[in-house]
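Geometric and topological summary
Letter by letter, the chains look like this.
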Amino acid sequence: MRPIDILEYVLLSFKSDRRRAFMSSLGIIIGVVSIVAMLSVSEGLYSGVNERFGDMEMDLINVRPGSNMGPGPGERPSFAPEEPAELDDRDVKIIENIVGVKAVYPLKSASALLSFRGDNASVRVMGITPSHHEDLKVVIDRGRFLVDSDYKAAVVSYEIAQNFFRMDISPGNRIRLYLSEEGRYMDFKVAGILKEDEDPNYAPDDCIFITHKALEELLGRDEYKYSSISIRAEDASQVEATADDVDEGLARIHRDEAYTVEPTTTRFESLLEVLNMIKYALAGIGSISLIVGAIGISNVMMLTVKERTHEIGTMKAIGATAWDIRILYLLDAGMLGLVSSLIGIILGALVSGVVGSIARIPQEVTFSSALSGLLFGVLITTIAGIYPANKAAMLDPIEALRAE
Amino acid sequence: MTLVETIDLEKGYRVGDMVVPVLKGIDLCIEEGEFVALMGPSGCGKSSLMNILGCLDRPTGGSVILKGENLCTLSDGELARIRRDQIGFIFQSFNLIGRMSNLRNVELPMILQERPPNARRIRARELLEAVGLGHRLEYSPVNLSGGERQRVAIARALANDPMIILADEPTGNLDEKSTCEIMDIMKKLNDDGRTILMVTHDLEMTRYCSRMIQMRDGRVVQEGI
Ligand SMILES: Nc1ncnc2c1ncn2[C@@H]1O[C@H](COP(=O)(O)OP(=O)(O)OP(=O)(O)O)[C@@H](O)[C@H]1O
Ligand SMILES: [Mg+2]
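Residues numbered from 1 in each chain as written. Chains lettered and ligands numbered in written order. Predicted model: local features only at pLDDT ≥ 70, side-chain atom pairs only at ≥ 80, totals over all residues. Heavy atoms only, no water.

1. Quick look at the site of ligand 1
Near ligand 1 there are 13 residues, and of these Ser42, Gly43, Lys46, Ser47 and Ser48 of chain B occur at the shortest range. Residues near ligand 1 are shared among chains A and B, making this a multi-chain site. Ser42 of chain B places a side-chain nitrogen or oxygen 2.5 Å from an oxygen atom of ligand 1. For ligand 1, an oxygen atom lies 2.8 Å from a polar atom in the backbone of Gly43 of chain B. (Near = heavy atom within 4 Å. Polar contact = N/O pair within 3.5 Å; in protein donor to acceptor, adjacent residues only side chain to side chain.)

2. Remarks on the state of the cysteines
Working definition of a disulfide: a covalent bond connecting the sulfur atoms of two cysteines. Residue and element names in this part refer to chain B. With the rule as written, the count across this model stands at 0 disulfides over all chains. Summary of cysteine pairing: Cys55 is not part of a disulfide, and the nearest cysteine sulfur, belonging to Cys72, is at 10.0 Å. For Cys55, a relative accessible area of 1% corresponds to the buried category. (Disulfide = S-S within 2.5 Å. Buried < 20%, exposed > 50% of the residue type's maximum accessible area, 1.4 Å probe, protein only.)

3. Considerations on unusual backbone geometry
All names here are of chain B. Positive phi outside glycine occurs at Asp161, with the angle close to 50°. In this fold, Asp161 is placed in the loop between helix H5 (146-158) and strand E7 (164-168). Of note, Glu169 is a non-glycine position whose phi angle comes to about 50°, a positive value. On the secondary structure map, Glu169 appears in the loop between E7 and helix H6 (176-191). (Helix = DSSP H or I, 4+ residues; strand = E, 2+ residues; numbered from the N terminus.)

4. Concerning helix H9 (residues 309-317) of chain A
Along an α-helix, residues three or four positions apart point the same way, because every turn accommodates 3.6 residues. All names here are of chain A. Buried residues dominate H9, accounting for 9 of its 9 residues. Within the span of H9, buried status applies to Thr309, His310, Glu311, Ile312, Gly313, Thr314, Met315, Lys316 and Ala317. A positive phi of about 120° marks Gly319, the residue just after H9.

5. Considering helix H6 (residues 212-219) of chain A
Residues and elements named next belong to chain A. Within H6 the residues assigned to the buried category are His212, Ala214, Leu215, Leu218 and Leu219. Take H6 and look down its axis: the buried residues cluster within an arc of 160°, on one side only. Gly220 sits one or two positions beyond H6 and adopts a positive phi of about 65°. (Arc of directions from axis to C-beta.)

6. Comments concerning the pairing of strand E8 (residues 196-199) of chain B
Residues and elements named next belong to chain B. Here E8 shows two buried faces, one formed by Ile196 and Met198 and the other by Leu197 and Val199. Across 4 bridges, the pairing between strand E3 (residues 35-39) and E8 is parallel. Within the sheet, the bridge partner assigned to Val36 lies in E8 and is Leu197. The sheet contact formed by E7 and E8 spans 4 bridges and is parallel. Note that in E8 the partner of Ala167 across the bridge is Met198. With H6 bridging E7 and its parallel neighbour E8, the resulting β-α-β unit is right-handed. (Pairing = 2+ DSSP bridges. Right-handed = clockwise from strand over helix to strand, strands pointing away.)

7. Quick look at the confidence of the model for chain A
Residues and elements named next belong to chain A. Averaged over all residues, the pLDDT of chain A equals 82, while 92% of them reach at least 70. The spread of mean pLDDT over the elements of chain A runs between helix H4 (residues 134-137), the lowest at 73, and H9, the highest at 96. Contacts of residues 70-76 to residues separated by more than four positions or lying in other chains number 2 contacts, the stretch itself having pLDDT below 50. (pLDDT = per-residue confidence, 0-100. Contact = heavy atoms within 4.5 Å.)

8. Considering the packing of H9 of chain A against helix H10 (residues 322-358) of chain A
Helix-helix packing is described using two parameters, namely the angle between the two axes and the distance between the axes. Residue and element names in this part refer to chain A. It is at 10 Å that the axes of H9 and H10 come closest, and there the two elements cross at 140°. Of the possible angle classes, the one that applies to H9 and H10 is oblique. Here H9 and H10 pass one another in a crossing that is right-handed. Contacts from Glu311, Ile312, Met315 and Lys316 in H9 reach Ala322, Ile325, Leu328 and Tyr329 in H10. (Axes fitted to C-alpha atoms, helices over the stretch in contact; angles between N-to-C directions. Parallel < 35°, antiparallel > 145°, perpendicular 65-115°, else oblique. Left-handed = near helix turned anticlockwise from the far one by under 90°.)

9. With respect to the sheet that holds strand E6 (residues 87-90) of chain B
All names here are of chain B. Spatial ordering of the open sheet is given by E6-E7-E8-E3-E9-E10, a layout of 6 strands whose pairing is mixed. If you trace the sheet from one side to the other, it starts and ends with E6 and strand E10 (219-224), each paired once. This sheet shows a mean twist of 20° between the axes of neighbouring strands, independent of strand direction. Pairing analysis gives 5 bridges linking strand E9 (residues 211-216) to E10, with the strands arranged antiparallel. What sits directly across from Ile213, in E10, is Glu223. Helix-sheet contacts for helix H1 (residues 46-53) involve E3, E6, E7, E8 and E9, and the interaxial angle to E7 is about 150°. Together, E6 and E7 form the strand contacts of H5, whose direction differs from that of E6 by roughly 170°.

10. Details of the interface of chain A and chain B
With 23 residues of chain A in contact, the opposing surface of chain B contributes 24 residues. Approximately 2,200 Å² of surface area, both sides summed, lies buried where chain A meets chain B, with 59% of it carried by carbon and sulfur atoms. Where chain A packs against chain B, one counts 3 salt bridges. Among the salt bridges present, the one from Glu311 of chain A reaches Arg99 of chain B, with a minimum N-O distance of 2.6 Å. Seen at the junction of chain A and chain B, the total is 8 residue pairs in polar contact (both at pLDDT 80 or more). Those elements that provide at least two residues to the side of chain A that touches chain B are helix H1 (3-16), H9 and helix H12 (397-402) of chain A. Residue classes in the side of chain A that touches chain B are distributed as 10 nonpolar, 6 polar and 7 charged. (Buried area = accessible area lost by both parts, 1.4 Å probe. Salt bridge = Lys/Arg side-chain N within 4 Å of Asp/Glu carboxyl O. Nonpolar A, V, L, I, M, F, W, Y, C, P; charged D, E, K, R; others polar.)

The structure is reproduced here in structure tokens:
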């Protein structure tokens, strides 16, 4: 038979038996919907994370007090819980002298209340050493960045400047920072505003930068310890090795104290790994529903073959070969798969759109997730069609004609 | 020229553990242009013989020679090919496909032959017109009377321009008037040179035929006019 005639025969069964087509394709539609929706949502999660962390510099290493995590399951807790290490200028000196380290940014963060023209908002205050922060200097929108000699000057993030108060904050404005619990405060003059969405990844977007000197005075404590030290490695590809060197260097002065040295990429990578696992688990669930759908298709097709026994016998009697019949019914299944997959992709896009907007997850129906829905749908229905098609092909014409 | 020849043809059906013999050594010859009536009491094996001659079934002994070719040596696929290209089968119960139009039913053998759509459509239309159904092309056979259905079946049997027409009680389900119509068509086909082998219970029918073969209990008991 010519392909066009095969197609016409297949379409005939669609027309003459719509209910059958619909009932049998329901399982496949659901399977494809779940595959597409799940792939899209997880793809969205994935690219959302990627977007947020993707511009992260690969040459950054983070040092912070405390160990990364407690003892793992089944692990014996270490005999004496280690004190978190206290990071200060000694550490900065040591790190600066390690080969492979390009720049060191000691950071201290504190939460404070920002008061501007009678309104208050809670913000994060970052103490920094201005001369080290070339990266911040280049993302100034208006005004200028801090210099080491600054004292009561602050650089404000775009978010705070634009969205926190009724009036926008501009360079030259006066602001006041309260330390909420102690009632201490200090006045600052705004030196500059950062560009929109250009906040460094070691700082949140509601952040005010001041010098360490100013923050030390604001906090008013005897000891001023850094909350973390960011390190930029000279060679991004050597960042792991540099991190190890830093770890070793710090071990000398922090014996029995806990601290963590970690290239920021590691955290990003393990996050991606988890997302990948979620993605494949979701796709797996979709596959299972597809398989259930395939069993449904197989059943419905068995019924169809049974119903059409007489017709198949007739076709064989007037000269159809077993292969003619086999191909007709395989294609019947494949066509069901194609149509239901297309419906499934459309519904899947809708579902993922709805899920995405309800759960506030970024989602996008990518070409590849639509394609995998289509491929799986068609492939699995065709496979499901093999047994019934074979059954039809192997019918004995005389017996088949006697049926009905 | 001899179109069909059987030599000591045997057929047995397996029923449980036993093989029940139905055809017990049939020797017959059908020449080109003949219109042969095959008669005999119910259950004597007429349909079994027709099925074997029509390549729908295989004998359990002896041989069938179709235009010099021994059918026993052919594969299932090759048998299907012979059904498609050489044989026109007409059944007592019509065996038309209700989901398809009459036109498409008649086209079907030519679809299997992969003939070009235009040519086969024209031929199917001509054949249906020839049996007086030119006004029922797009009807489904379901909506036709028995006589009309059998006429569609005859048109279908002619679609592949078969070398022989095998008709197993073609008028068995029809009333008198339809029977006459069908037999007139068959007669005309034979006059045009078609070779026909037809099973019938009705002695009346034999007046259309050129020869009669009488069967009893799996054997040919009488041949003649
Ligand atoms: N598939 C089968 N299995 C077992 N026995 C069969 C089978 N087909 C036919 N028979 C038997 O073979 C014998 C001949 O059957 P067949 O149909 O050839 O008879 P027939 O001459 O055509 O009869 P009728 O005039 O009633 O159509 C019958 O006894 C029938 O029961
Ligand atoms: Mg019979």
